[in-house]
Amino acid sequence: MRSFVRRGWVLFASMALILALLCQGCFIDLSLSSRDKDFAAIEDAWKLLRQEYVDPDSVDFSAVSKAAVQAMMDALNDSHSAYLTQQQYEDYLKDLAGNYSGIGVYVTAMGGQLIITRVFSNSPAEAAGVQAGDVLLEIDGISTSGMTITDLSTRMRGEIGTQVVILVHHKDATEPTLMTITRAEITIPSVSLEMRGEIACIGISHFNENTNDELGAVLKEIAGNGAKGIIVDLRDNPGGLISAVVDAVSRFIKSGTVLTICNNDGSRDVVKTTTQKETTDLPMAVLVNANSASASEVFSGALQDHGRAVIVGEVTYGKGSVNVLYKLSNGSAIYLTVARWLTPNDNLIEGHGITPDYELRRNVDWVQWSINYLKNL
């Protein structure tokens, strides 16, 4: 009974502490005039704990605060909102900047498993023989069962030159393979180009701070090599910065709405195209699959609604939420869903995804299908 009561006090204390952190880190107005009864009760419990608990020196308030934020995020029942420790927050910022220290893979949660969906060229993972489609079973001897992507990312990363041991199951193998991989600096180019005759195949792996500049350079290159059509490959693109995707869309659509943001107070913000130097009006096809999410769905939805490109592949993931990263005063952060995205035609992305104009089976060569389509226009 005493253990149960103590856990109750810790929960109350942690919730109060984290709300205080939010006040400091996110500049949320929680003055006495606006506090609701729930917050007042938590604050009262926190004061009692500090003033009346028999052994306050035994409480690790740092651990309590971390547990509290995690509990609050879990209680939202929103898979897109999350608590990030200080290290996870710093790693996330590195992702947006386009570099980090690790082994060079993208991992996606699918069907209760963690699947490696992309292996970066010239990365330690590629050198070790990691393949797209591998099931990640263990990391440093710890099972990945029930592990979140955020937890996995923290374990996979580390200082340059250190090692990580992973157990993977290749698609065609009968037994798992144990691999020891040395971490290195990973630079993540988000845009790639491959010419298939007169068709430019542009891959966008994610949308980060460098994507728009990289895309501009690619469009400048294909403008001088006689390209007559463009395929933008967004398969397995998990999303990224909304500003980056708006700029990217603006290179293909000269003017108009890119998306509409529906805020939690019911208001709507219409996001328009931006001015870009390198643009194109070449005919387009956009490839998407079930792992194309978030900003990649904004991109494909905008081009589809404007009639600018034909969308080819599978129904996308359906992650149409606006998430903001709020840094807390102790160096950690919360990644919070604050709004929803709509396509220019007011189609809801969240839970629905983008339905392709042409749905294709996986045994079809989607790139070749798109090349044939563009050549027959």
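Just so we're clear, the structure is a prediction, and the values are computed from it rather than from any experiment.

## A look at the overall build of the protein chain
Turning to step 1, where the next piece is worked out: For the protein chain, the helix and strand inventory stands at 10 helices and 19 strands.
Turning to step 2, where the next piece is worked out: Across the protein chain, contacts joining residues at least 24 apart in sequence account for 67% of those joining residues at least 6 apart.
Turning to step 3, where the next piece is worked out: When the accessible surface of the protein chain is split by element, carbon and sulfur atoms take 50% of a total near 18,900 Å².

## A closer look at the sheet that holds strand β10 (residues 191-196)
Turning to step 1, where the next piece is worked out: An order of β10-β11-β12-β15-β16-β19 is seen for the 6 strands of this open sheet, with the pairing classed as mixed. The sheet is open, and its two edges are formed by β10 and β19 (358-359), each paired on a single side.
Turning to step 2, where the next piece is worked out: Bridge count for strand β15 (residues 284-288) against strand β16 (residues 310-313) is 4 bridges, and the pairing is parallel. Counterpart to Ala 285 in the pairing with β16 is Val 310.

## A few points about the environment of Met 73
Turning to step 1, where the next piece is worked out: Summarising the element assignment, Met 73 is placed in helix α3 (residues 61-75).
Turning to step 2, where the next piece is worked out: Relative accessible area serves as the criterion here: at 8%, Met 73 is assigned to the buried category.
Turning to step 3, where the next piece is worked out: Residues Met 73 and Tyr 83, 10 residues apart in the sequence, show an inter-C-alpha distance of 6.4 Å.
Turning to step 4, where the next piece is worked out: Each residue touching Met 73, except ones within four places of it in the same chain, is listed here: Ser 81, Ala 82, Tyr 83, Ile 334 and Leu 336.

## Considerations on the layout of surface pockets
Turning to step 1, where the next piece is worked out: Taken as a whole, the second largest pocket encloses approximately 980 Å³ of empty space.
Turning to step 2, where the next piece is worked out: Only β4 (113-119), β9 (184-187), β10, β11 (199-204), β12 (229-233) and α10 (366-375) provide two or more residues apiece to the lining of the second largest pocket.
Turning to step 3, where the next piece is worked out: Among the elements that take part in the lining of the second largest pocket, β4 stands out by supplying 5 residues, more than any other.
Turning to step 4, where the next piece is worked out: Each residue belonging to the lining of the second largest pocket can be placed in one class, and the counts come to 18 nonpolar, 12 polar and 9 charged.

## Section: the nonpolar core
Side chains that are nonpolar tend, in soluble globular proteins, to be buried together.
Turning to step 1, where the next piece is worked out: Counting residues in each nonpolar core, the largest one holds 39 residues, and the members touching the most others are Phe 207, Ile 230, Val 232, Phe 252, Val 286, Phe 299 and Leu 303.
Turning to step 2, where the next piece is worked out: Elements with a contribution of two residues or more to this core: β11, α7 (211-223), β12, α8 (242-249), β13 (257-263), β15, α9 (295-305) and β18 (333-342).
Turning to step 3, where the next piece is worked out: The contacts of Ile 230, once residues within four sequence positions are left out, are Ala 200, Ile 202, Leu 219, Ile 222, Phe 252, Thr 280, Leu 282, Pro 283, Met 284, Ala 285 and Leu 374.
Turning to step 4, where the next piece is worked out: If you look at the next biggest cluster of nonpolar residues, it comprises 18 residues, including Leu 114, Ile 116, Ile 139 and Met 147.

## Notes on the packing of aromatic side chains
Turning to step 1, where the next piece is worked out: For the structure shown, the criterion picks out 6 aromatic pairs.
Turning to step 2, where the next piece is worked out: On the numbers, 5.2 Å between centres and 80 degrees between planes, the contact of Tyr 106 with Phe 120 is edge-to-face. Remark: Phe 120 occurs in the loop between β4 and α5 (124-128) and Tyr 106 occurs in strand β3 (residues 105-110); sequence separation between them is 14 residues. Each member of the pair Tyr 106 and Phe 120 is classed as buried.
Turning to step 3, where the next piece is worked out: Ring centres of Phe 252 and Phe 299 lie 5.8 Å apart, and the angle between their planes is 80 degrees; on these two criteria the pair is classed as edge-to-face. In this pair, Phe 252 is assigned in the loop between α8 and β13 and Phe 299 in helix α9, connecting sequence segments 47 residues apart. With respect to burial, Phe 252 and Phe 299 carry one shared label: buried.

## Things to note about the packing of α8 against α9
Turning to step 1, where the next piece is worked out: Here α8 crosses α9 at 25 degrees, and the two axes come no closer than 9 Å. Classified by the angle their axes make, α8 and α9 are roughly parallel. For the pair α8 and α9, the sense of crossing is right-handed. Side by side, α8 and α9 meet where Ile 242, Val 245, Ala 248 and Val 249 of the first sit next to Ala 295, Val 298, Phe 299, Ala 302 and Leu 303 of the second.
Turning to step 2, where the next piece is worked out: Residue composition of the contact of α8 with α9, grouped by class: 9 nonpolar, no polar and no charged.

Reading guide: rules and limits
Residues numbered from 1 in each chain as written. Predicted model: local features only at pLDDT ≥ 70, side-chain atom pairs only at ≥ 80, totals over all residues. Heavy atoms only, no water. Helix = DSSP H or I, 4+ residues; strand = E, 2+ residues; numbered from the N terminus. Contact = heavy atoms within 4.5 Å. Areas by Shrake-Rupley, 256 points an atom, 1.4 Å probe, with all protein chains shown as cover. Pairing = 2+ DSSP bridges. Buried < 20%, exposed > 50% of the residue type's maximum accessible area, 1.4 Å probe, protein only. 1 Å grid on protein atoms, 1.4 Å probe; cavity = no way out; pocket = protein on both sides within 12 Å on 5 of 7 lines; lining within 4 Å. Points joined across faces, edges and corners; volume = space filled by probe spheres on them. Nonpolar A, V, L, I, M, F, W, Y, C, P; charged D, E, K, R; others polar. Core = buried A, V, L, I, M, F, W, Y, C linked by side-chain atoms within 4.5 Å. Phe/Tyr/Trp six-rings, centres within 6.5 Å; stacked < 30°, edge-to-face > 60°. Axes fitted to C-alpha atoms, helices over the stretch in contact; angles between N-to-C directions. Parallel < 35°, antiparallel > 145°, perpendicular 65-115°, else oblique. Left-handed = near helix turned anticlockwise from the far one by under 90°.

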